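So the chains spell out like this:
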Amino acid sequence: MTQHAQLTAERWSAFTRAQQVLQIAAEMHRATRFVDTQRIEYVRSAYERALRLTELTAQVQAGPSFRRELLCWRMVLAELYLAPAVDPARHRLALRTLLELNPEAARQIRYLLA
């Protein structure tokens, strides 16, 4: 997981909450093309990157409400990551739920889950 390894909380906090959520969603969406083919190594790699960005997002949040919801979502993502097989329905539900955490990000549901 070298892609986001050097990303700092300071740099990450420069993005809006919507941008942060959408970048996590981009990692989840990247995994989508491998979910149906059960290429678990590629899916797990994308989940690792999404987990890293989720941790950074939670770290830079000032208010507890969004942070709490995001950390609950992270537990779902961690379960997907640890699962022995890819579950396409749960993957898509997790992506949709993530996008629904932010009104701006939610506007992308129709494009990412078409």
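Look a little higher up for the structure.
Computed from a predicted model, the values in this text were never measured in an experiment. (Residues numbered from 1 in each chain as written. Predicted model: local features only at pLDDT ≥ 70, side-chain atom pairs only at ≥ 80, totals over all residues. Heavy atoms only, no water.)

**Some points on the environment of Glu10**
Rule in force here: Here a strand is any run of E in DSSP of at least two residues, a helix any run of H or I of at least four, and the numbering for each starts at the N terminus.
Its location among the elements puts Glu10 in helix α1 (residues 9-12). The spacing of Glu10 and Gly63 is 53 residues in sequence and 17 Å in space, taken between C-alpha atoms.

**A few points about the environment of Arg67**
Just so we agree on the cut-off: The contact criterion used throughout is that any non-hydrogen atoms of two residues lie within 4.5 Å. What qualifies as a polar contact is a pair of N or O atoms within 3.5 Å, subject to a donor-acceptor requirement within protein and to the restriction that residues adjacent in sequence count only when both atoms come from side chains.
For Arg67, the position within the fold is in helix α4 (residues 64-82). Sequence-wise, Arg67 and Glu55 are 12 residues apart; in three dimensions their C-alpha atoms are separated by 9.8 Å. Not counting residues within four places of it along the chain, the set of residues in contact with Arg67 comprises Ala58, Gln61 and Ala62. Reaching out from Arg67, the side chain makes a polar contact with the backbone oxygen of Ala58 at a distance of 3.2 Å.

**Some points on the packing of aromatic side chains**
Each aromatic ring pair is specified by the distance between its two centres and by the angle formed by the two planes. Short version of the rule: Under the pairing criterion, centres of Phe, Tyr and Trp rings, with the six-membered ring standing for Trp, must be within 6.5 Å; the plane angle then separates stacked pairs below 30 degrees from edge-to-face pairs above 60, leaving the rest tilted. By definition, being over a ring means that NZ of Lys or CZ of Arg is both within 6 Å of the ring centre and within 35 degrees of the ring normal.
In this structure the tally under the stated criterion is two aromatic pairs. On the basis of an interplanar angle of 20 degrees and a centroid distance of 4.7 Å, the ring pair of Phe34 and Tyr42 is categorised as stacked. Sitting over the ring of Phe66, Arg17 keeps its end group 4.2 Å from the ring centre.

**Let's talk about the side chain of Thr57**
By the element assignment, Thr57 lies in helix α3 (residues 40-59). Not counting the four nearest positions on each side in its chain, Thr57 is found in contact with Trp12, Gln20, Ile24, Phe66 and Leu70.

**Some details on the packing of α4 against helix α5 (residues 88-99)**
So the rule is basically this: Note on geometry: axes are C-alpha line fits, over the in-contact stretch for helices, and angles between N-to-C directions span 0 to 180 degrees. Any angle that falls under 35 degrees is termed roughly parallel, while one over 145 is termed roughly antiparallel, one within 65 to 115 roughly perpendicular, and all others oblique. Should the near helix be turned anticlockwise from the far one by less than a right angle, the crossing is termed left-handed; should it be turned clockwise, right-handed. Residues are grouped as follows: nonpolar covers Ala, Val, Leu, Ile, Met, Phe, Trp, Tyr, Cys and Pro; charged covers Asp, Glu, Lys and Arg; every other residue, Gly included, is treated as polar.
For the pair α4 and α5, the least separation of the axes is 11 Å and the interaxial angle reads 160 degrees. Our classification of the angle between α4 and α5 gives roughly antiparallel. Every pair of crossing elements has a handedness; the one defined by α4 and α5 is left-handed. Where α4 abuts α5, its residues Leu70, Trp73, Val76, Glu79 and Leu80 lie against Arg90, His91, Ala94, Thr97 and Leu98. Looking at side-chain class alone, the contact of α4 with α5 contains six nonpolar, two polar and two charged residues.

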